[in-house]
Amino acid sequence: TKFNGRFQTFTAEINLDVADPTKGSIVGTVKLDSVNTRDHDRDSALLDKDWFNTKQFPDAKFESQKIGKAADGSYTASGQLTMKGQTKPAIMKFTLKGSGATAQFAGSLQINRFDFNVGEGWNDTSWVAQDVAVEVKLDLKQ
């Protein structure tokens, strides 16, 4: 079943020179126990060992290794995603709008939850999809 949620506690450090994005970097860390899907039972289940296992693995972290710019003005950050003790390659596509002291960052990445042992025992993808879309929307201040 499709649902939307958000993580209330996170840090993000984005360094990007639009003239030369290859020199840029992105590091984002999310406190997984700050999940809020507006459903108390689901939120409690997500903290459990089968899903995020927040007692043992409190954070998820994306760290870019390379940033490139596409012809349409969007960017692609290739990097590593660490979640639940597993580190795997990940690609985040994003846009950055604004200038000066404020900007808006909007990105997305697809996560294969099996790669990170999220939803252990929930292998039936008719209930919980194998691939999960993650959207990142941030208002940035310099």
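Residues numbered from 1 in each chain as written. Predicted model: local features only at pLDDT ≥ 70, side-chain atom pairs only at ≥ 80, totals over all residues. Heavy atoms only, no water.

## Describing the pairing of strand β6 (residues 75-83)
Test applied: Paired strands, in this sense, are two strands between which DSSP finds at least two bridges. A run of H or I in DSSP counts as a helix once it spans at least four residues, and a run of E counts as a strand once it spans at least two, with each numbered from the N terminus.
In terms of strand pairing, strand β5 (residues 59-69) meets β6 through nine bridges, oriented antiparallel. Paired with F62 across the bridge in β6 is L81. Linking β5 back to β6 in an antiparallel pair, the connection comprises five residues, with G73 at a positive phi of about 95°. Where β6 lies against strand β7 (residues 86-97), nine bridges are found, and the strand directions are antiparallel. Bridge assignment links T82 to a residue of β7, and that residue is T87. Connecting β6 to the antiparallel partner β7 that follows it, the hairpin turn spans two residues, and K84 within it adopts a positive phi of roughly 55°.

## Quick word on the sheet that holds β7
Our working rule: Angles run from 0 to 180 degrees between N-to-C directions of axes, and those axes are lines fitted to C-alpha atoms, restricted for helices to the stretch in contact.
Taken together, the seven strands give an open sheet; going across it, the order is β2-β3-β5-β6-β7-β8-β9, and neighbouring strands pair in antiparallel fashion. Two strands in the sheet have a free side with no partner beyond their single neighbour: β2 (10-15) and β9 (131-141). Looking at each pair of strands side by side, their axes are set apart by 20° on average, direction ignored.

## Description of the side chain of K84
Which entries qualify depends on this criterion: Per-residue accessibility, obtained with a 1.4 Å probe over protein chains only, is compared with the maximum for each type, and a residue is labelled buried under 20%, exposed over 50%, and partly exposed between these values. A 3.5 Å cut-off defines polar contacts: any pair of N or O atoms within that distance qualifies, except that in protein one atom must be a possible hydrogen donor and the other a possible acceptor, and neighbouring residues in sequence count only when both atoms are side-chain atoms.
Here K84 is to be found in the loop between β6 and β7. In this structure K84 comes out as buried when scored by relative accessible area, which is 6%. A polar contact of 2.6 Å, which involves the side chain of K84, links it to the backbone oxygen of N117.

## Notes on the pattern of salt bridges
Applied cut-off: Salt bridge, as used here, is a side-chain nitrogen of Lys or Arg placed within 4 Å of a carboxyl oxygen of Asp or Glu.
This structure, assessed with the given rule, holds five salt bridges. One salt bridge in this structure joins K137 and E135, with 3.8 Å as the shortest N-O distance. Take K137: its relative accessible area is 64%, and that puts it in the exposed class. By relative accessible area, E135 is classed as exposed at 59%.

## Overview of the packing of aromatic side chains
Going by this rule: For this analysis, a ring pair means two rings from Phe, Tyr or Trp (six-membered ring only for Trp) whose centres lie within 6.5 Å, classed as stacked if their planes differ by under 30 degrees, edge-to-face if by over 60, and tilted for the remaining angles.
Summed over the entire model, instances satisfying the criterion amount to four aromatic pairs. Ring geometry for W51 versus W122: centroids 5.7 Å apart, planes at 45°, classification tilted. In this pair, W51 sits in the loop between α1 (40-47) and β5 while W122 sits in the loop between β8 (102-112) and β9, placing the two residues 71 residues apart along the sequence. Its relative accessible area of 39% is what places W122 among the partly exposed residues. With a centroid separation of 4.8 Å and 20° between ring planes, the pair formed by F94 and F105 is classed as stacked. One end of the pair, F94, is in strand β7; the other, F105, is in strand β8, with 11 residues separating them in the sequence. Side by side, F94 and F105 carry an identical accessibility label, which is buried. These aromatic residues form a ring-pair network of at least three members: Y75, F94 and F105.

## A word on unusual backbone geometry
Most of the time, phi is negative for any residue but glycine, and the peptide bond is trans. Here K84, not a glycine, exhibits a phi torsion of approximately 55°, which is positive. Positive phi is not limited to glycine here, since N117 has a value of about 55°. Turning to its location among the elements, N117 is positioned in the loop between β8 and β9.

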